[in-house]
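Architecture at a glance
In case you want the letters, here they are:
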Amino acid sequence: MRETNTKAPASRASIKEMCHMLGRVVRYITQYYKWSFLIVILCILGSSLVTRRGTLFMQTLIDDYIVPLTQSASPDYGPLAHALFIMACIYAVGIVCSYAYNRIMVNISQGTMRRLRDELFSHMESLPIRYFDTHAHGDIMSVYTNDVDTLRQLLSQSIPQLINSSFTMVATLITMIIMSPALTVVSVLAAIAMFTVT
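All of these numbers come straight from a predicted model, not from anything done at the bench. Numbers given for residues are sequential positions, taken from 1 along each chain in its written order. Per-residue local features of the predicted model are confined to residues with pLDDT of at least 70, and side-chain atom pairs are confined, for both listing and counting, to 80 or more; whole-chain, interface and lining totals are unaffected and use all residues. Excluding hydrogens and water, the side-chain figures rest on all heavy atoms present in the structure.

1. Notes on the pattern of salt bridges
In plain terms, the rule: Take a side-chain nitrogen of Lys or Arg and a carboxyl oxygen of Asp or Glu: if they are within 4 Å of each other, that pair is a salt bridge. For helices the rule is a DSSP run of H or I covering at least 4 residues; for strands it is a run of E covering at least 2, with both sets numbered from the N terminus onward. Summary of the burial criterion: residues with accessible area below 20% of their type's maximum are buried, those above 50% are exposed, and those between are partly exposed, where the area comes from a 1.4 Å probe applied to protein chains only.
Tallied over the entire structure, the rule returns one salt bridge. A salt bridge links Arg 152 to Asp 149; the shortest N-O distance between them is 2.9 Å. One end of the pair, Arg 152, and the other, Asp 149, are both in helix H4 (residues 137-179), three residues apart, so they sit about a helical turn from each other. Classification of Arg 152 as partly exposed rests on a relative accessible area of 25%. By relative accessible area, Asp 149 is classed as partly exposed at 31%.

2. Looking at the packing of H4 against helix H5 (residues 181-197)
Pairs of packed helices are described in terms of their axes, by the angle between the two and the distance that separates them. Worth spelling out the cut-off: Angles here are taken between N-to-C directions and fall from 0 to 180 degrees, while the axes themselves are lines fitted to C-alpha atoms, restricted in helices to the stretch in contact. Reported orientations rely on four angle classes, namely roughly parallel under 35 degrees, roughly antiparallel over 145, roughly perpendicular from 65 to 115, and oblique for the rest. Contact between two residues is taken to exist if any of their heavy atoms lie within 4.5 Å; hydrogens are not considered. Under the convention adopted here, Pro, Cys and the residues Ala, Val, Leu, Ile, Met, Phe, Trp and Tyr are nonpolar, Asp, Glu, Lys and Arg are charged, and Gly plus all remaining residues are polar.
At a closest axis distance of 6 Å, the pairing of H4 and H5 adopts a crossing angle of 135°. With respect to their mutual orientation, H4 and H5 come out oblique. Contact with H4, carried on its side by Leu 173, Met 176, Ile 177 and Met 179, involves Pro 181, Thr 184, Ser 187 and Val 188 of H5 and no other residues of that element. Tallied by class, residues from the contact of H4 with H5 come to six nonpolar, two polar and no charged.

3. What about the packing of aromatic side chains?
The criterion, for reference: Ring pairs are drawn from Phe, Tyr and Trp, using the six-membered ring of Trp, whenever the two centres fall within 6.5 Å, and their geometry is named by plane angle: stacked under 30 degrees, edge-to-face over 60, tilted for the rest. Remark: a charge is flagged as sitting over a ring if the NZ atom of Lys or the CZ atom of Arg is within 6 Å of the ring centre and within 35 degrees of the ring normal.
Evaluated as defined, the whole model comprises one aromatic pair. Between Tyr 28 and Tyr 32 the ring centres are 5.7 Å apart and the planes differ by 70°, which places this aromatic pair in the edge-to-face class. In this pair, Tyr 28 and Tyr 32 are both assigned in helix H1 (residues 2-71), four residues apart and thus about one turn of the helix distant. Tyr 32 sits in the partly exposed class, given a relative accessible area of 34%. In this structure, Arg 115 is placed above the aromatic ring of Tyr 32, and the distance from its NZ or CZ to the ring centre is 3.8 Å.

4. A few points about the side chain of Ser 48
Inclusion rule: Polar contacts here mean pairs of N or O atoms no more than 3.5 Å apart (in protein, one a potential hydrogen donor and the other a potential acceptor; neighbouring residues in sequence count only if both atoms are side-chain atoms).
By secondary structure assignment, the location of Ser 48 is in helix H1. What makes Ser 48 buried here is its relative accessible area of 3%. A polar side-chain atom of Ser 48 sits 3.4 Å from the main-chain amide nitrogen of Thr 168. Sequence-distant contacts of Ser 48, that is, excluding residues within four places in its chain, are made with Asn 164, Phe 167, Thr 168 and Ala 171.

Rendered as structure tokens:
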């Protein structure tokens, strides 16, 4: 029992520290790439909405177009073709949004990494000689290689995936509520139960 109580605050502290670190990274990015980062968020939102719209379109496609065509003596495929064309345009917008936010995020991450390495090098030049005498060369180089590369992966992959996942979860929850509030409550309760047990 005592072990559980000591682990719980430690995990909460690590989550709080992780959120604080993520906030610092985002503030550092937006200090130099505020508008680019805003465009990335909008493109991720657009891509997520297109994905949800595509899921809902399958129901509309079957109920409003395919089923009436199978029951008609002389089927007219014009409305179906028009709906498919509109959906293809929507998917094309989603593809453009996905490409745009990945491309812009490459520029942001590479520019941020260059600026960060320059700041690290400038700071290293200002350190006294005793710092290099008391720290191993491997530890110092690890900051320039491993730590900076981990930060690059955070910028180019983890942050966009976190934003995308958040938007997708919210859009999926809204879609579930629209389609069936009762099943949404059951699904949320089941997810909470699984999370608690896990």
